[in-house]
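Fold and contact review
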Amino acid sequence: MSPVASASATRSGARTAVVTGGASGIGRAVARRLAADGHHVATLDLSPGDGRDYAVTADVTDRAHVDKAQDAVRDRLGPVSILVDAAGVDGFKRFADLSFEAWLRVVDVNLHGVFHCIQSALPDMTAAGWGRVVNISSSSTHSGQPFMAHYVAAKSAVNGLTKSLALELGPSGITVNAIPPGFVDTPMLRKVEERQRLGGTVEDHIARTPVRRVGRPEDIAAACAFLVSEEAGYITGQILGVNGGRNT
Ligand code: NAD
């Protein structure tokens, strides 16, 4: 174990966390919040971003990349005990025109990326008898979304994966939960608005949102901070909507 890792293990409540998609939007806010809570945080993203303790550039769809990235995190910060899967891409296409390649790409990042990252971090959590996994899915899984069949299918599968792994990993001290965010002000949302795929402007949506505001990445980060905490140890297999009341 590296000197940093030993310090991490002895510091009360501090854990080593990996946040995928941590260079932007929700993942970035989660990384910042977990760092503010005292954890040692590594971001794993296609872009370097500004990872709090350590930013690793990797593609979550490439298992060799993911394993190498998690090894680097282990060496630098110690065994991984918190994983937040926030890396994601969206996609818009009428289903009749959706190529299988486009379908695969969206499923690859949003679903297979989660598979790789969890499986890669699992040995550390199992060895420690303690782990927290939070998968960022999407509120579109509550309602469906036209022209996003690939995205919604992948995110719905993430919710299913979450429930199954909660049952399988609970006896090992590992909780697995999902947060399906809705309408959160990030570069992804603004690009959707620009491409006129939002069904109106952000302002139009605010008027239809019960709490009358757009979500902030920090709203998702707050829920995430709770789910990875010691006191959330009896919460697993849950899909915790954070969406301003748009889906209940
Ligand atoms: P974002 O585009 O701001 O951030 C996504 C990050 O994922 C980027 O930094 C990007 O580089 C990274 N990424 C993409 N593909 C990757 C890959 N193959 N390997 C590694 N990193 C990769 O988007 P966001 O809005 O912050 O989205 C975060 C998560 O929340 C996504 O999974 C998204 O589907 C989900 N989500 C967001 C909203 C919203 O309203 N913003 C709603 C529902 C779900």
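Shown above is the structure to which this text applies.
So, a few notes on the structure that sits alongside this text.

Calculation notes
Residues numbered from 1 in each chain as written. Predicted model: local features only at pLDDT ≥ 70, side-chain atom pairs only at ≥ 80, totals over all residues. Heavy atoms only, no water. Helix = DSSP H or I, 4+ residues; strand = E, 2+ residues; numbered from the N terminus. Rg over C-alpha atoms; globule rule 2.2 N^0.38 Å. Buried < 20%, exposed > 50% of the residue type's maximum accessible area, 1.4 Å probe, protein only. Contact = heavy atoms within 4.5 Å. Areas by Shrake-Rupley, 256 points an atom, 1.4 Å probe, with all protein chains shown as cover. 1 Å grid on protein atoms, 1.4 Å probe; cavity = no way out; pocket = protein on both sides within 12 Å on 5 of 7 lines; lining within 4 Å. Points joined across faces, edges and corners; volume = space filled by probe spheres on them. Nonpolar A, V, L, I, M, F, W, Y, C, P; charged D, E, K, R; others polar. Core = buried A, V, L, I, M, F, W, Y, C linked by side-chain atoms within 4.5 Å. Salt bridge = Lys/Arg side-chain N within 4 Å of Asp/Glu carboxyl O. Near = heavy atom within 4 Å. Polar contact = N/O pair within 3.5 Å; in protein donor to acceptor, adjacent residues only side chain to side chain. Sits in = over half its atoms within 2 Å of the grid points. Phe/Tyr/Trp six-rings, centres within 6.5 Å; stacked < 30°, edge-to-face > 60°. Lys NZ or Arg CZ within 6 Å of the ring centre and 35° of its normal.

**A look at the overall build of the chain**
- Of the regular secondary structure elements, the chain holds 9 helices and 6 strands.
- The C-alpha radius of gyration computed for the chain amounts to 17 Å, which stays within 12% of the reference 18 Å derived for 248 residues, consistent with globular compactness.
- If you line up the chain on its principal axes, its C-alpha atoms span 50 × 40 × 35 Å.
- In the chain, which comprises 248 residues, the proportion classed as buried is 50%.
- Put simply, 70% of the contacts in the chain that link residues at least 6 apart link residues at least 24 apart.
- Per element, the accessible surface of the chain, about 11,400 Å² overall, is 53% carbon and sulfur.

**A short note on empty space enclosed by the protein**
- Within the structure shown, the criterion is met by 1 cavity of 30 Å³ or more.
- Considered as a void within the structure, the largest cavity measures approximately 40 Å³ in volume.
- Together, Thr-20, Val-60, Asp-85, Ala-86, Ala-87, Val-109, Gly-113, Val-114 and Cys-117 line the largest cavity.
- Classifying every residue of the lining of the largest cavity by side-chain character gives 6 nonpolar, 2 polar and 1 charged.

**Describing the nonpolar core**
- Formed by 31 residues in total, the largest nonpolar core has its most connected members in Val-18, Val-73, Leu-83, Val-133, Ile-174 and Val-176.
- Of all the secondary-structure elements, those providing two or more residues to this core are strand E2 (40-45), strand E3 (54-57), helix H3 (63-77), helix H4 (100-128), helix H6 (149-169) and strand E6 (174-179).
- In terms of residues, this core owes the most to one element, H4, which gives 9 residues.
- Setting aside residues up to four positions removed in sequence, Val-18 forms contacts with Ala-42, Leu-44, Gln-70, Val-73, Val-80, Ile-82, Leu-83 and Val-84.
- Core analysis: the next-biggest nonpolar cluster, separate from the first, contains 24 residues, Val-19, Ile-26, Ile-136 and Ala-225 among them.

**Considering the pattern of salt bridges**
- Inspection of the entire model under this criterion finds 9 salt bridges.
- A salt bridge links Asp-124 to Arg-74, with the shortest nitrogen-to-oxygen separation between them at 2.6 Å. Of this pair, Asp-124 sits in helix H4 while Arg-74 sits in helix H3; the two residues are 50 residues apart in sequence, bridging distant segments of the chain.
- Overall, the relative accessible area of 13% leaves Asp-124 in the buried class.
- As a salt-bridge pair, Glu-193 and Arg-190 come within 3.1 Å of each other at their nearest N and O atoms. With Glu-193 and Arg-190 both in helix H7 (residues 187-194), this residue pair falls 3 residues apart, about one helical turn.
- Using a relative accessible area of 22% as the deciding quantity, one classes Glu-193 as partly exposed.
- Given a relative accessible area of 32%, Arg-190 falls into the partly exposed group.
- Residues participating in the shared-partner salt-bridge network are Asp-71, Arg-74 and Asp-124.

**Some details on the site of the ligand**
- Around the ligand, 28 residues are found, and the nearest of them are Ser-24, Asp-45, Tyr-151, Val-184 and Thr-186.
- One of the side-chain nitrogen or oxygen atoms of Ser-24 is found 2.6 Å away from an oxygen atom of the ligand.
- The contact in question runs from a nitrogen atom of the ligand to an N or O atom on the backbone of Leu-46, over 3.4 Å.
- Placement of the ligand is best described as lying within the largest pocket.
- Of all the secondary structure elements, the ones that give two or more residues to the shell around the ligand are helix H2 (25-36), H4, H6 and H7.
- Counted by class, the shell around the ligand contains 16 nonpolar, 8 polar and 4 charged residues.

**Some details on the packing of aromatic side chains**
- For the structure on display, the rule yields 0 aromatic pairs.
- Across from the ring centre of Trp-130, 3.5 Å away, lies the NZ or CZ of Arg-15, which sits over that ring.
- Between the NZ or CZ atom of Arg-76 and the centre of the ring of Tyr-54, over which it lies, the distance is 4.3 Å.

**Focus: the layout of surface pockets**
- Counted as a void, the largest pocket has a volume near 1,200 Å³.
- Of all the elements in the fold, those that place two or more residues in the lining of the largest pocket are H2, E2, H4, helix H5 (140-143), H6 and H7.
- Looking at which element gives the most residues to the lining of the largest pocket, the answer is H7, with 5 residues.
- Looking at the lining of the largest pocket residue by residue, the classes come out as 22 nonpolar, 17 polar and 9 charged.

Shape descriptors only; they carry no functional weight alone.
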